[in-house]
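# Fold and geometry: a report
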Amino acid sequence: MGMLRIALTSLKARQVSLLGAFVALALGVAMTAVMLLGLASAAGAPGGEELVSLVAALGTAGGVSAFVSAFVVASTYSYAVARRRHELGLLRLAGATRAQVRRSVLAEALLLGAAASAAGCLLGRLGAPAFVRWLSDVGMAPPGFTLAPAGWPLPAAFGTGLLVALAGVAVAARRAGRVGPLDALRTADLDTGVLTAGRLLTGLGLLLTAAVLAGTALATDPVDLLHRKTYTTQPMWLISAVGLLSPLLAPPLVRLLGRVVPLRLTGFAGRLVPAGAAAAVRRTGAVAAPVLVSVALTGSLAGALDTVAAARAAETRARTAADLVVVPAPGSGDALLGALRAVRGVAALSATAPTALGLVEPDGVTVRAEARMTADPAGLAALARLPLLAGSTAALDDGSLVLPAEWGRTRVGERVPVVRTDGSRTTLRVAAVLRDGLGDNGLYVTAANAPGARVDRIEVRFSSFATGGADGGRVTARVADVRAAARPYGATVLTREEWLTAGAPTGTAWLRIALVLGLALVYTGIALAGTLLMATADRRRELALLRLAGATRAQVVRLVTAESVLVTAVGAVLGCAVTAVQLGSMYAALAVLRVPAPLVLPWCPVAVVAGGALLLAAGCAAPAAAWALRSRPVTAAAR
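Residues numbered from 1 in each chain as written. Predicted model: local features only at pLDDT ≥ 70, side-chain atom pairs only at ≥ 80, totals over all residues. Heavy atoms only, no water.

### Examining the overall build of the protein chain
Across its full length, the protein chain carries 21 helices and 10 strands. Out of the 639 residues belonging to the protein chain, those deemed buried represent 50%. Of the roughly 27500 Å² of accessible surface on the protein chain, a fraction of 63% belongs to carbon and sulfur atoms. (Helix = DSSP H or I, 4+ residues; strand = E, 2+ residues; numbered from the N terminus. Buried < 20%, exposed > 50% of the residue type's maximum accessible area, 1.4 Å probe, protein only. Areas by Shrake-Rupley, 256 points an atom, 1.4 Å probe, with all protein chains shown as cover.)

### Topic: the pattern of salt bridges
Applying the stated criterion to the full structure yields four salt bridges. The residue Arg372 makes a salt bridge to Asp456 at a minimum N-O spacing of 2.5 Å. Highlighted residues: Arg372 in strand β3 (residues 366–374) and Asp456 in the loop between β8 (443–446) and β9 (457–462), separated in sequence by 84 residues. Taking relative accessible area as the criterion, Asp456 reaches 31% and is therefore assigned partly exposed. Between Asp397 and Arg429 there is a salt bridge, with the nearest N and O atoms lying 2.8 Å from each other. Remark: Arg429 occurs in strand β7 (residues 425–434) and Asp397 occurs in the loop between β4 (388–391) and β5 (400–404); sequence separation between them is 32 residues. Given a relative accessible area of 31%, Asp397 falls into the partly exposed group. (Salt bridge = Lys/Arg side-chain N within 4 Å of Asp/Glu carboxyl O.)

### Description of the pairing of strand β6 (residues 415–419)
Across two bridges, the pairing between strand β2 (residues 346–360) and β6 is antiparallel. In the strand pairing of β6, Gly358 is matched with Val419. Count of turn residues in the β6/β7 antiparallel hairpin: five residues, of which Gly423 carries a positive phi of about 95°. (Pairing = 2+ DSSP bridges.)

### Let's talk about the packing of helix α19 (residues 553–592) against helix α20 (residues 603–628)
α20 packs onto α19 with a crossing angle of 155° between their chain directions and a minimal axis gap of 8 Å. Relative to α20, the element α19 is oriented roughly antiparallel. Read as a crossing pair, α19 and α20 show a hand that is right-handed. In contact with Arg553, Val557, Val560, Thr561, Ser564, Val565, Thr568, Ala569, Ala572 and Cys576 of α19, α20 contributes Val606, Ala610, Ala613, Leu614, Ala617, Ala618, Ala621, Ala622, Ala625 and Ala626. (Axes fitted to C-alpha atoms, helices over the stretch in contact; angles between N-to-C directions. Parallel < 35°, antiparallel > 145°, perpendicular 65-115°, else oblique. Left-handed = near helix turned anticlockwise from the far one by under 90°. Contact = heavy atoms within 4.5 Å.)

### Concerning the pairing of β5
Within a regular strand, the side chains alternate between the two sheet faces. Most of β5 sits out of view: five of its five residues are buried. Burial of the side chains of β5 extends over both faces: Ser400, Val402 and Pro404 are buried on one face and Leu401 and Leu403 on the other. Pairing analysis gives five bridges linking β5 to β7, with the strands arranged parallel. Opposite Ser400, over in β7, you have Arg429 as the bridge partner.

### Some remarks on the packing of aromatic side chains
Each pair of aromatic rings is reported with the distance of its centres and the angle of its planes. The final tally for this structure, using the stated rule, is two aromatic pairs. Ring centres 6.3 Å apart and planes at 25° place the aromatic pair Phe131 and Trp134 in the stacked group. In this pair, Phe131 and Trp134 are both assigned in helix α5 (residues 98–137), three residues apart and thus about one turn of the helix distant. (Phe/Tyr/Trp six-rings, centres within 6.5 Å; stacked < 30°, edge-to-face > 60°.)

### A short note on the side chain of Glu459
Its place among the elements puts Glu459 in strand β9. A distance of 2.8 Å separates polar atoms of two side chains, one belonging to Glu459 and the other to Thr320. Apart from residues lying up to four places away in sequence, Glu459 is in contact with Thr320, Ala322, Leu324, Val325, Ala348, Leu349, Ser350 and Leu383. (Polar contact = N/O pair within 3.5 Å; in protein donor to acceptor, adjacent residues only side chain to side chain.)

### A word on a nonpolar patch on the surface
On the surface, Leu106, Leu110 and Leu166 cluster together to form a nonpolar patch covering roughly 220 Å² of accessible area. Checked against the element boundaries, Leu166 lands in helix α6 (residues 153–176). For Leu166, a relative accessible area of 34% gives the class partly exposed. (Patch = residues over 30% accessible without salt bridge, like charges linked within 9 Å, V, L, I, M, F, W, Y side chains within 5 Å.)

### A short note on the nonpolar core
Counting 119 residues, the largest nonpolar core has Leu58, Val68, Tyr77, Leu135, Ile239 and Leu515 as its most contacted members. Examining the composition of this core, we find that 17 residues originate from one element, α19, more than from any other. Of all hydrophobic cores here, the second largest spans 36 residues; its members include Leu324, Leu349, Leu401 and Ala450. (Core = buried A, V, L, I, M, F, W, Y, C linked by side-chain atoms within 4.5 Å.)

### Examining a positive patch on the surface
Taken together, the side chains of Arg98, Arg102, Arg103 and Arg174 make up a positively charged region of the molecular surface. Among the elements that take part in the positive patch, α5 stands out by supplying three residues, more than any other. Structurally, Arg102 can be placed in helix α5. (Lys, Arg positive; Asp, Glu negative; His and termini not counted. Charge placed at Lys NZ, Arg CZ, Asp CG, Glu CD.)

### Quick notes on the confidence of the model for the protein chain
Residues at a pLDDT of 70 or more form 85% of the protein chain, whose mean pLDDT is 80. Of all helices and strands in the protein chain, the one with the weakest mean pLDDT is helix α14 (residues 463–467) (54), whereas β8 scores best (90). (pLDDT = per-residue confidence, 0-100.)

### Regarding the side chain of Thr393
Its place among the elements puts Thr393 in the loop between β4 and β5. The exposure class assigned to Thr393 is buried, which follows from its relative accessible area of 6%. Not counting chain neighbours up to four residues away, the residues in contact with Thr393 comprise Pro377, Ala381, Leu386, Leu388, Val402 and Ala432.

### Focus on the environment of Ala447
Inspection of the secondary structure puts Ala447 in the loop between β8 and β9. Note: C-alpha distance between Ala447 and Ala353 (94 residues apart in sequence) is 9.0 Å. Non-local contacts of Ala447, meaning those with residues more than four positions away in its chain, are made with Met373 and Thr374.

### Some details on the packing of helix α18 (residues 540–548) against α19
Where α18 contacts α19, the two axes come as close as 9 Å, and the packing angle between them is 135°. Relative to α19, the element α18 lies oblique. Crossing handedness for the pair α18 and α19: right-handed. Across the interface between the two elements, Leu543, Leu546 and Arg547 of α18 pack against Arg553, Val556, Leu559 and Val560 of α19. Looking at side-chain class alone, the contact of α18 with α19 contains five nonpolar, no polar and two charged residues. (Nonpolar A, V, L, I, M, F, W, Y, C, P; charged D, E, K, R; others polar.)

### Focus on the environment of Met31
Among the structural elements, Met31 can be located in helix α2 (residues 19–44). Look at Met31 and you get buried, because its relative accessible area is 5%. Taking the C-alpha atoms as reference points, Met31 and Tyr523, separated by 492 residues in sequence, lie 7.9 Å from one another.

### Overview of α5
With 40 residues, α5 extends 55 Å between its outermost C-alpha atoms, agreeing within 8% with the 58 Å of an ideal straight helix rising 1.5 Å per residue. Roughly 35° is the biggest bend found in α5, and it falls at Gly127, with proline Pro129 one to four residues downstream. Of the residues one or two after α5, Gly139 is the one with positive phi, at around 90°. (Expected span 1.5 Å × (residues − 1). Bend = angle between axes of the 7 residues up to and from the residue.)

Pasting the structure below:
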C-alpha cells in the first residue's frame, strides 16, 4: 500500500510530463476498440464475399493498430521512466529497496494504463458508429451495415491497453530497480547505458528473424512475399529491430543530418542541436518512434501495392500477344466469337472464362482454386505466352489440364483427381506445367471441365500487326471492323494498353490501405505531438540554464524547434530505410519469379507523411518551448 500511495502521489505531481504517455495509450486503445467493434459487427452480419473481405481487412487493420500502439507506448513509457532517475534515486536514498522501486513504477503504469484504457474505450465506443457508416459509404461494407451489439470488443480493448502499458514499462521498471542511491546526486542529463546487451541482442535477433523469413520465402515460395498478409506483417519485424537499435543508429544519423540541414540559420543552435539530440538518446528515440513507424508502414504498404500492381501489369503485358481484348456482355460469348471470326485480318482468337476447380491432394483433402476455361486450346497457345516448364498448352484437351508448379505436380502425363464446379469428379492428366507467377499462371481446362463457365474475355490478334505489313490507316480500319462486329452484342472493345490499365489497383484496394493506415497515422501524429510536449516540459531546467548562459527566449525556442525537426527527420530516414529493405525483398522475389517488374517507389505518400511529421514537430515544439520558458530562469534552474 505504501508503494501505491507513492505511485498516486507521483502521478499527480507529474501530470504534464505523463500527458504524452496517457494520450498515446488512450488513443491506441480507442483505435483498437473501433476495429474490434467493426470486426464484431462484420463477423456477425449475414453476407457473402464482401463481408468476408471486410472481416479480413478489419483484422489486418486491428493487428496493425495494436502493433503501432504497443510500439509507440513502449517507447514513450521507457523515456518517461528514464527521466525519473533523480527521483528514483531519492527513493533509494530514503530506504526503498530495488523491488519496491520496481513495484512503484509498475503500479504507476497500472493506474495510468487503467485510466487511459477506460478513456480509450469510451472514445472508441463513441467513434465506432461513424467508422461503420464510413465503411458503408465508401463501399467496403454492404448498404445498411450498422454497428451490432457485442459484449467482448470493449473488454478486449481495455485488457489490451493494460497489457500494452505493463509490457511497455516492464523493461523500464527493471532498469529503474537498478538505480542506486547515489543517482539522486547526479546533475548531468547525459544518457548512459541505453544500449544494453539484452537490447542489442534482441534487436539483432529481430533483424536476423526478418532476414531468415525473407530468405526462406525466396528459396521456397517467392510468391508469398507478394501476398498482402506477408507485406503487411514483414515490416513489423524490421520496425521493431530498428526501434531497439535506435541508440546505435540515431547518433550517426543526427550528426550526418546536422551537417546537411541548414541549422546555421538558427545561430549557435547549429552546434548545440546535433550535440543535444545525439546526447539525449532516449528523448531522440521517443520522438523518432512515431515517425519511424508511420513512415515505414506508409512506404511499405503503399509501395507494396504499387509494386505488385506494376508487376502484374508487366507480367500480363509480356505474356499476351493480343492486340485487342473484347469483353462480352453476359450470355453473348458464343455468338460474339462467331462474329469476330468473320472479321477480316483476324489471325487468332482466344476466348476464356473464369471457373473454379478442386484438386484432390494425396491425403484426400480437396483444395479449391481459381482456374480459367479456354474454348480453343490452339487459340490459347497462339495468344498466351505462358511460362512453360514442361509440356505444351496446345496439348490441352477435354482429358487434361494445365497447372502451375506450386501444386507439386510437375510431371507431364501425371494423373490428377479433380472436382468440377458442379460437384462431379474426374481424373485429368497434366498437359503442361507453368512456372509460378502473379497473373494468369493458374489452372487451365477446357469447356468440358468447366460447366456453367461464361466467357468474359476474348483476345484478338491481327495478322497484319504480327507481320508489320499494315499501315496506320488499315490498322484503324480493322479495329473499327472489330468494334462494329462487337457492337450488336453489347461488348466492350479495349486495346491491350486500355485493358492493362483497367487491371490497375481499384479504389477498393486503396481503401483497404487507407483503412489499415488511416487511424494508425492519425494516432502516430497525435502521439508525436504528445511526446514532444512531454519531452519539452521535462527540459525546463535545461532551457533555464541556457537562458542564464545568455541565450534569448527566441533563441532557445528556435533551438528546441530545430532539435525536434532534426530528430523527426532521423525517424523519417529510419522509416525510409525500413521501406527500402521491405521493397527490396519484394523485388528479389520478382527477380526469382522472372517477372519484368519496373521500379516503383512510393515517393508521394512517404513525402506527405514525412513532411506532415516535420510540420507537426515544428508546430508543437515551438509553443511547448515557449510554455516551458514562462518562469524566470533563476527559479526554473533551481528546481
